Amino acid sequence: MRLFDDLFGRNDSMKSTLNLTWNYLEDTDLNQIDAISFEKPVVLFKHSTRCIISKMALKEFEKEHKIPNEAMELYFLDLLNHRPLSNHVAEHYSIAHQSPQILVIREGKCIYHNSHDGINANHLKAFI
């Protein structure tokens, strides 16, 4: 059973496997994210907890991520529980919805986004 949990994830807990500090996005008011993005980049990871590709992308991202918490704010969006919010994010930042997907918000605008196997934590170094 542990093998399936590792592969597909568990819906009851989406805790980071490493020491990343995720802020969970659950509110359609994106003003806080926009405000923070004027001080430092905000990364938004959109994740489907039932998708193996999304799970692998998240694990790889967490394994590669080496940027200190003070340099970049990390937000996590659970797509299964907050799909309307994901649609709102796509509309607010003028991007097409993907899953999994990563966005970098700077000065209230999405300056970078990628999805699926294009998600790479090392790409984020260019934004700090």
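This text follows the structure it describes.
A quick note: this is a predicted structure, and the numbers were derived from the prediction, not measured.

### A closer look at the pairing of strand β3 (residues 73-78)
Counting buried positions along β3 gives six out of six residues, so the element sits mostly inside the fold. Where strand β1 (residues 22-24) lies against β3, three bridges are found, and the strand directions are parallel. Across the sheet, W22 pairs through a bridge with L74, a residue of β3. Strand direction decides the pairing type here: strand β2 (residues 42-47) and β3, joined by six bridges, are parallel. Paired with H47 across the strands is D78, a residue of β3.

### Topic: the sheet that holds β1
The strand order across the open sheet formed by five strands is β1-β3-β2-β4-β5, and the pairing between neighbours is mixed. The open sheet terminates on both sides in strands that have one partner only, identified here as β1 and β5 (109-115). Between one strand axis and the next, the sheet turns by 25° as a mean value, whatever way the strands run. With five bridges joining them, β2 and strand β4 (residues 101-106) adopt antiparallel strand pairing. In the sheet register, L44 faces β4, and the bridge partner there is L103. Against the sheet, helix α4 (residues 83-92) contacts β2, β3 and β4, and its axis sits at roughly 130° relative to β3.

### Some remarks on the nonpolar core
With 18 residues, the main nonpolar core has W22, V43, F45, F61, I102 and L124 as its most contacted residues. Mapped by element, the contributors of at least two residues to this core are β2, α3 (52-64), β3 and β4. Among the elements that take part in this core, α3 stands out by supplying three residues, more than any other. Not counting residues within four places of it along the chain, the set of residues in contact with F45 comprises W22, A57, L58, F61, Y75, F76, L77, P100, Q101, I102 and I119. Of all hydrophobic cores here, the second largest spans 17 residues; its members include Y75, L85, I95 and I105.

### Remarks on the pairing of β4
By the criterion of burial, β4 is predominantly enclosed, with five of the six residues buried. As paired strands, β4 and β5 are joined by six bridges and run antiparallel to one another. From the neighbouring strand, R106 faces β5, where its bridge partner is K109. Counted between consecutive antiparallel strands, the loop separating β4 from β5 contains two residues, among which E107 sits at a positive phi close to 50°.

### Focus on the packing of aromatic side chains
One pass over the full model with this rule turns up six aromatic pairs. An angle of 65° between the planes, with centres 5.4 Å apart, marks the rings of Y24 and F76 as edge-to-face. Taken together, the residues span a long stretch of sequence, with Y24 in strand β1 and F76 in strand β3 at a distance of 52 residues. Taking the relative accessible area as the measure of exposure, Y24 reaches 41% and is therefore partly exposed. Judged by relative accessible area, F76 falls into the buried class, the value being 2%. The interplanar angle of 40° and the centroid separation of 5.2 Å between the aromatic rings of Y112 and F127 together place this pair among those described as tilted. Remark: F127 occurs in the segment after β5 and Y112 occurs in strand β5; sequence separation between them is 15 residues. Residue Y112 is classed as buried on the basis of its relative accessible area of 17%. Accessibility expressed as a relative area gives 18% for F127, which makes it buried.

Conventions and cut-offs
- Residues numbered from 1 in each chain as written.
- Predicted model: local features only at pLDDT ≥ 70, side-chain atom pairs only at ≥ 80, totals over all residues.
- Heavy atoms only, no water.
- Buried < 20%, exposed > 50% of the residue type's maximum accessible area, 1.4 Å probe, protein only.
- Helix = DSSP H or I, 4+ residues; strand = E, 2+ residues; numbered from the N terminus.
- Pairing = 2+ DSSP bridges.
- Axes fitted to C-alpha atoms, helices over the stretch in contact; angles between N-to-C directions.
- Contact = heavy atoms within 4.5 Å.
- Core = buried A, V, L, I, M, F, W, Y, C linked by side-chain atoms within 4.5 Å.
- Phe/Tyr/Trp six-rings, centres within 6.5 Å; stacked < 30°, edge-to-face > 60°.

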